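Per-entry structural report
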Amino acid sequence: MDKKTFYITTPIYYPSDKLHIGHSYTTVAADAMARFKRLKGYDVHFLTGTDEHGQKIERRAIEAGSEPQVFVDEVVAWIKKLWSILDISYDDFIRTSEPRHKLSVQKMFQKYYEQGDIYKSKYEGWYCTPCEAFWTERQLDAGSCPDCKRPVELLAEESYFFKMSRYAGRLMEYIDKNPDFIQPASRKNEMINNFLKPGLEDLCVSRTTFKWGIPVPFDEGHIIYVWLDALSNYITALGYASEDEEKLNRYWPADVQLIGKEIVRFHTIYWPIFLMALGLELPKKVFGHGWLLLDEGKMSKSKGNVIDPVVLVDRYGSDAIRYFLLREIPFGADGSFSEEALVLRLNFDLANDLGNLLNRTLAMLEKYFQGNVPQPGDEDKHDEELKQAALTLPARMEGLMDQLQFSGALAELWKFIGNANKYIDDTAPWALAKSGRQERLATVMYNLLECIRIVSVLLQPYMPRTPQKIWQQLGIAGIKETQSWESLSKFGVFPAGVKTSPGEVLFPRLELTGEGGAPVRQATKKDKPQLQSAPDGDKNEDTGLVSIEEFSRLDLRVARIITAERIEGADKLLKLKVDLGSEERQVVAGIAKHYLPEQLVEKRVLFVANLKPAKLRGILSEGMLLAASDSSGRLVLTTTEEAVAPGSKVR
Ligand code: MSP
């Protein structure tokens, strides 16, 4: 039987300047989706490309003292390099300056003309060159472009017009009958109320005052309007009106077209009408995601507030950047970018949750089984819960991915990582080892390895490099059947007898400035990590309350104090060594006025394990003891009522 197909597109990018991290957002999301569907076994076609024509590009080339074609060739080469750095696995890259595209667009234009959709007249009105958009006097916002707020130019030139009104009724009907067509729903309402209901005006689809574009086939002085040219890429890349329409037949209509919210109008009004006029089906879903913002608003070259993705990838690695983009902001909503939020996210989720699960498990396996994966033995109640969570995880993630909730899908995956970390605390392998319960210990270790394997398989779409590294350490890099979607339908696929090889720490804890380098952009106070806003909803108001999710980002543990000593020249500080179960840490605590060092040894205290490391009096401190202070200034350490195992989670 033929595989099910899945066609996904990104917008095609203007090669006018280097792309910033905001541009990478759409493409990383599309890539994660394409990889997810490939993992599921779909025949995926993932298209991206460049939108090379129009007045804006022509002007940029002139400013750069270059010919447009030479100018775009250089920028396009850079864009392709960026996609390769970010591991974007596109199946096709279309350039609108390619003959395959130009010929198809000319045939399309001819067809429209012949069937009476296009007529010649004169355009008198406003034009925004940065947006390449026509506006009427009434639509302007205080004399400027209502979308980008930049100045508009007055045009008066002979043009061809497309009779949009011919198709407006059919489009309304289609939108009504297909509630999933425009997503999120708020964008759909905006299109209906602001554009369709007031009535569509005929659209100017050719220009005569510049040359860089596709000529109208029957009237060479006219250049086809760049948005008609650009939107067509989604079908010209599939061979529309060429000798070979095999791909068009196989993949059209697109399953998902991802775009930023500012170009929803072009994709949900013009584009479907152009398709209807060709007698083609409409895309199944057009999703307008939100923007990546900085303090100053949307990132843009003209505001000089762009963040260079190449610098970020260089500093943190492409998997980490991809993870942040997909996890931090619910797709659909706007979200803030700051390097501080990035570092926090990486430290909490990658270094702490995932990194610790892997490191603790491999370290214990080394200690108790010399790194050899044992056959599972005795079962108990904790195992059933864990297995249930593992077996239901893929479907839960798939459901969220189908709604393009990348962040939600990753949150599910991390919930499961949390379950596995909790399983360590609940089963206390160190206690099993101490009491000689070897069979039970074997089961616990086996189950943990199986959980890490499951996590790594599901991580592939989002962080394509990390799973390979995990498999190396788990000893299953060459065993393909442990890495597939099918391998998730059973718990217990991990081959016993394999020897693991713990290696480099995959996610070291990070400092904001990175290794020796200056920050990409100095974080300011206003850059505080953003609270998550609901998809397509308003930002959370700062009520001073924390959600359970925010609270759970604190990694609170029980620490056993091993040693304590005074620090010369610091009368308030003590240097402590603490035991956290799977590791030892050094901390500097401001308790010297309240405790003698010898009083502290063997105390079990509550401990913040994921506090950013800091140096006090030149001594590294990795974590913090919790203490209560009353109004008299007395400080009392918060100890546990009973002797709980070091490293136990506090919740
Ligand atoms: N060339 C047109 C698209 C034509 S599609 C037929 C275009 N190009 S663009 O290079 O300006 O933008 C490409 C995509 O990047 C758009 O979807 C846009 O929304 C997205 N982004 C640009 N800046 C962005 C942010 N700061 N945040 C998120 N996405 C942003 O538009």
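Parameters at a glance
- Residues numbered from 1 in each chain as written.
- Predicted model: local features only at pLDDT ≥ 70, side-chain atom pairs only at ≥ 80, totals over all residues.
- Heavy atoms only, no water.
- Pairing = 2+ DSSP bridges.
- Helix = DSSP H or I, 4+ residues; strand = E, 2+ residues; numbered from the N terminus.
- Domains from an automatic or database assignment.
- Contact = heavy atoms within 4.5 Å.
- Buried area = accessible area lost by both parts, 1.4 Å probe.
- Salt bridge = Lys/Arg side-chain N within 4 Å of Asp/Glu carboxyl O.
- Near = heavy atom within 4 Å.
- Polar contact = N/O pair within 3.5 Å; in protein donor to acceptor, adjacent residues only side chain to side chain.
- Areas by Shrake-Rupley, 256 points an atom, 1.4 Å probe, with all protein chains shown as cover.
- Expected span 1.5 Å × (residues − 1).
- Buried < 20%, exposed > 50% of the residue type's maximum accessible area, 1.4 Å probe, protein only.
- Arc of directions from axis to C-beta.

1. Details of the sheet that holds strand β6 (residues 153-162)
Across the sheet, 4 strands lie side by side as β5-β4-β6-β8; this open sheet has antiparallel pairing. Two strands in the sheet have a free side with no partner beyond their single neighbour: β5 (133-135) and β8 (203-204). As judged from the 10 bridges shared by strand β4 (residues 118-128) and β6, these two strands associate in the antiparallel manner. Bridge pairing in β6 links Y119 to F161.

2. Overview of the sheet that holds strand β7 (residues 182-183)
With parallel pairing, the 6 strands of this open sheet are ordered in space as β3-β2-β1-β12-β13-β7. Unpaired on one side and paired on the other, β3 (92-95) and β7 mark the two borders of the sheet. The sheet contact formed by strand β1 (residues 5-9) and strand β2 (residues 43-50) spans 5 bridges and is parallel. Following the sheet pairing, T9 is matched in β2 by L47.

3. Quick notes on unusual backbone geometry
Of the consecutive residues Q183 and P184, the connecting peptide bond is found in the cis state with omega at -15°. Locating P184 in the fold gives a position in the loop between β7 and α6 (185-196). Residue P253 is bonded to the preceding W252 through a cis peptide linkage, with omega at 5°. Position of P253 among the secondary structure elements: in the loop between α9 (246-251) and β12 (256-260). The phi dihedral of A428 falls on the positive side, at around 45°, and the residue is not glycine. Along the chain, A428 turns up in the loop between α15 (406-427) and α16 (429-434).

4. Description of the pairing of β6
Sheet topology note: the β6/β8 ladder contains 2 bridges and is antiparallel. What sits directly across from F162, in β8, is L203.

5. Examining the domain arrangement of the protein
For the protein, the assigned domains are domain 1 (338-489) and domain 2 (543-637). Facing the 6 residues of domain 1 at the interface are 5 residues of domain 2. The junction of domain 1 with domain 2 conceals about 770 Å² of combined surface from both sides, 43% of it contributed by carbon and sulfur atoms. When the buried surface of domain 1 facing domain 2 is broken down by residue, F348, N352 and R360 rank first, second and third, together holding 54% of it. Between D425 and R557 there is a salt bridge, and its shortest N-O distance comes to 3.6 Å.

6. Topic: the site of the ligand
Taken together, the neighbourhood of the ligand is formed by 25 residues, with I12, D51, G260, E262 and L292 sitting nearest. Contact distances for the ligand include 3.2 Å between an oxygen atom and a backbone N or O atom of Y14. Within the backbone of L292, one N or O atom sits 2.9 Å away from a nitrogen atom of the ligand. Here the ligand, which alone exposes 660 Å², has 95% of that area covered by the protein. Of all the elements in the fold, those that place two or more residues in the shell around the ligand are α1 (21-39), α7 (226-231), α8 (233-236) and β12.

7. Examining α6
For α6, which comprises 12 residues, the first-to-last C-alpha distance of 15 Å matches the rise-based estimate of 16 Å (1.5 Å per residue) to within 8%. Looking at α6, one finds that the buried residues are R187, K188, M191, I192, F195 and L196. Along α6, the residues classed as buried sweep out an arc of 135° about the axis, all on the same side. Along its buried surface, α6 packs onto α5 (165-177), β7, α10 (264-278) and β13 (286-289).

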